[in-house]
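# Results of the structural survey
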Amino acid sequence: MASIARKNLFEDVPRFLVAQAGIMFAVSLVTIQTGILNGFVQSTGQLIDQSGADLWVSSKRMQQLEVSPPIPLQRLLQVREMEGVAYADPLAIRQVLWQTPKGQTTVARVYGFQPGGAFFTQWQLVAGEVGDLKTPYTFIADRANLNTLDLHEIGDRGLVGSLPARLVGITKNTSSIVSGAILFTSLETASAYTKTGTTIRCRIRAGATECLTALEDPYNQNSASSTPPKAPEPISLADPISFVLLKAKPDQNLEQLRQQIEAALPDTRVVTNAEMAEITRSFWLRRTGVGFVLGLGAAVGFIVGVVVVSQILYASVSDHLREFGTLKAMGASDWVIYRVITEQALWMAVLGYLPSMVLCLGLGSWTMATKGILILITPAIAGGILGITIVMCVGSALFAIQKVTHVDPAIVFKA
Amino acid sequence: MTLSQTRPTQSIFNGSYAASTPLISSFRNSMAVVASGVEMVYDSGAEPYAVLRGIDLEIQKGDVQLLMGPSGSGKTTLLSILGGILTPTAGKVFLMGQEITGMTRNQLAKFRLKNVGFIFQGFNLFPALTAAENVEVALKVKGLRGLQARRQVAIELLEQVGLADRMHHLPKDLSGGQKQRVAIARALAGDPHIIMADEPTASLDSQSGHAVIELLRQLAKNAGRTVLIVTHDPRLVDAADRITYLEDGMIHG
Ligand SMILES: Nc1ncnc2c1ncn2[C@@H]1O[C@H](COP(=O)(O)OP(=O)(O)OP(=O)(O)O)[C@@H](O)[C@H]1O
Ligand SMILES: [Mg+2]
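A brief structural summary. (Residues numbered from 1 in each chain as written. Chains lettered and ligands numbered in written order. Predicted model: local features only at pLDDT ≥ 70, side-chain atom pairs only at ≥ 80, totals over all residues. Heavy atoms only, no water.)

## Some points on the interface of chain A and chain B
Filter applied, for reference: In what follows, a contact means two residues having at least one pair of non-hydrogen atoms within 4.5 Å. When two components associate, each loses some accessible surface as probed by a 1.4 Å sphere; the sum of these losses over both components is called the buried area. What makes a salt bridge here is a side-chain nitrogen of Lys or Arg within 4 Å of a carboxyl oxygen of Asp or Glu, nothing more. Whenever two N or O atoms come within 3.5 Å, that pair is a polar contact, provided that in protein one can donate a hydrogen and the other can accept it, and provided that, for residues adjacent in sequence, both atoms are side-chain atoms. Only DSSP runs of H or I reaching four residues or more are called helices, and only runs of E reaching two or more are called strands; each is numbered from the N terminus. Residues are grouped as follows: Ala, Val, Leu, Ile, Met, Phe, Trp, Tyr, Cys and Pro are nonpolar; Asp, Glu, Lys and Arg are charged; every other residue, Gly included, is polar.
Taken residue by residue, the interface counts 25 residues in chain A and 26 residues in chain B. Interface of chain A and chain B: buried area, both sides summed, is about 2300 Å²; carbon and sulfur atoms make up 68% of it. Across the contact surface, chain A and chain B share two salt bridges. In this structure, the salt-bridge partner of R105 of chain B is D334 of chain A, at a minimum N-O distance of 3.0 Å. Where chain A meets chain B, there are seven residue pairs in polar contact (both at pLDDT 80 or more). Counting residues per element, the ones that place at least two in the side of chain A that touches chain B are α1 (2-11), α9 (321-330) and α10 (334-371) of chain A. Considering every element that reaches the side of chain A that touches chain B, the biggest residue donor is α9 of chain A, with eight residues. Tallied by class, residues from the side of chain A that touches chain B come to 13 nonpolar, five polar and seven charged.

Written out as structure tokens, the structure is:
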């Protein structure tokens, strides 16, 4: 029986190819949409995944990684003194105004942390040194953000507010598609960047005041008159940070430690690293509606696939109605015929799926390499899409099956 | 009103009573096909159209029986009913001693699977399958297990119809007569008691038509099969043991 399905399929090669093209389109659409969604969700939490922290201490009103009211630096010292805590470091996340070397302005986020500390050590640095962050007014950026920041290589400069900023390192897989450009800096630099505003200089001339916004770089290295900026002020207890990241002592029960910290510091919320990642990911998924949009795209792909496969199977079955009728006249049960059609659908599914997957994996590595957009096709997703493809093709066979079910075996005698 | 009602034999085929009479059951055992009072009314048009109006027919086992008549007289309809593909609106049909008119769709399918082989004017071969594969599909449907076994039986059947050397050809590469012989080999799959053919020679030239009929006759005589052939073709008359004429939904002569 195997041969009927396969041979009917290859009987008309051009039609088969059109069908496979349709299936490939559908499968690729579903795969890419799912991959983008998955890559997006994964990317929003990947920095957290790489943090190496056991627990995150934040304000009680923390929404997600980038939306969290500040807590005083004093919390860090309090956490450090607690029993069961091996070490703890601060993380301050603030929004700043970035001015590109060409003078264009864009919003960026500064992530101030302890370079050379215990956290964010799992970074993949493609250029530069984390240690260089100890120099004031330097930062590390993800290579996917270089375009936005309008930087090209280590040593390139821009402005944050009215302070200079020099690129000293380039990472990969640290930025999410959605969050905009990130500048990883030392805590001191971050604090200075947060406090800097746009400088407005006013001069009083002949009784009239004339004020100018300093859009030009006041510390322009090319300008002879430039003065080097003051070193950042040391951090004080009152300085705001966003999170305290901590590593527990070996054998320390994390749940117990969490309760202990929350009890001691009533204005804080303590979550595990996995919870933090999950909170951030589900925030982006739910709040942005991106899941819906990409899901819609995947659904459209699925429907296109159903339509194409139904058409082809229906046409193939219609072409062979007399032969199927002959099988029925012989006394074959409907199931024999259903099997032939289902098998035909399965062949279409598999033969459409394999090249689509290759195509999507290729496309995924291309977008990652050129655009820094992660299309994440995990084995689980690839398996799920195979399942969807099979459901799509076999489901489409139902139209053809119902056509055969209603065929009058008497058709066989019609000349 | 119809011819059948005037025939004295009609009542003896009514249900269980028939089986209980030794004379009748031995009569039925010698018959491959017995139809009594078969009527067929098509209801699909504007008004009901009676195609068969009281058909009584007996076909002896091992006979080559011809069913002839003008176009539209209901030959194909009758063949479909006798072969268990259509259910008549009235009357009874017995095949190999079993009443098929009371069977469900599934029972009918199983019955056909075991007892009846069909041959069609248009051959109805799967165009994408070779001669051997077309026969193998029928063998598989008929329940023969094993690829090797099916291939072997298919070759034997194709040998019987003289086509073993064409077993790897697709239908499009065979002549009409050869295609019909493949179809005959397929109809022989599962060794059915009865072969029913609707205009098997109508698409063939007279020479291959003759060869096909001669083959059918030979297959009937060698294995004691019953063959019922619907045809327009007067040249087939010689090959038949009996001929029945159908006209206006009734049997003549
Ligand atoms: N499914 C159907 N619905 C309605 N009428 C039908 C149907 N099938 C056949 N008929 C009618 O029944 C009559 C007999 O048809 P049938 O095919 O049995 O004739 P036939 O003797 O085989 O003719 P031919 O020699 O041309 O094949 C015709 O008038 C045909 O139009
Ligand atoms: Mg006919």
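## Looking at the pattern of salt bridges
Two side chains bearing opposite charge may form a pair once their charged atoms approach each other closely. All names here are of chain A. Rules: Residue exposure (1.4 Å probe, protein chains only): buried if accessible area is under 20% of the type maximum, exposed if over 50%, otherwise partly exposed.
By the definition in use, this model includes 21 salt bridges over all chains. Notably, a salt bridge pairs D319 with R15, separated by 3.0 Å at the nearest N-O pair. With D319 in helix α8 (residues 290-319) and R15 in helix α2 (residues 13-49), the pair connects residues that are 304 residues apart, well separated along the chain. In this structure D319 comes out as partly exposed when scored by relative accessible area, which is 48%.

## Focus on the site of ligand 1
Residue and element names in this part refer to chain B. Heads up, the rule is: A single heavy atom is enough: if one lies within 4 Å of a molecule or strand, its residue is considered near that molecule or strand.
Neighbouring ligand 1 are 14 residues; S71, G72, K75, T76 and T77 lie closest to it. With respect to ligand 1, the backbone of G74 contributes an N or O atom lying 3.0 Å from an oxygen atom. Between ligand 1 and K75, the relevant distance is 2.7 Å, taken from an oxygen atom to a side-chain nitrogen or oxygen of the residue. Secondary-structure elements contributing two or more residues to the shell around ligand 1 are β2 (49-60) and α3 (75-82). Of the residues contributing to the shell around ligand 1, the split by class is four nonpolar, eight polar and two charged.

## Side note on the nonpolar core
Definition in use: For the purposes of this section, nonpolar cores are sets of buried Ala, Val, Leu, Ile, Met, Phe, Trp, Tyr and Cys residues that join through side-chain atoms within 4.5 Å.
Among the nonpolar cores identified, the biggest contains 86 residues, and F324, L327 and I341 of chain A together with L158 and I184 of chain B are the most heavily contacted of them. Per-element accounting of this core gives the leading share, eleven residues, to α10 of chain A. Within the second largest apolar cluster, 36 residues are counted, among which are A410 of chain A together with V33, L78 and V230 of chain B.

## Describing α9 of chain A
Residues and elements named next belong to chain A. Where burial is concerned, most of α9 is hidden: nine out of the ten residues are buried. Listed as buried for α9 are L321, E323, F324, G325, T326, L327, K328, A329 and M330. Following α9 by one or two positions, G331 adopts a phi angle in the positive range, close to 115°.

## Here's the deal with the sheet that holds β2 of chain B
All names here are of chain B. Put simply, the rule is: Note on pairing: two strands pair once DSSP finds at least 2 bridges between them.
Spatially, four strands are ordered β2-β1-β4-β5 in an open sheet, and the strand pairing comes out antiparallel. The sheet is open, and its two edges are formed by β2 and β5 (98-99), each paired on a single side. Examined bridge by bridge, strand β1 (residues 31-42) and β2 share nine bridges and lie antiparallel to one another. Bridge pairing in β2 places V34 opposite E58.

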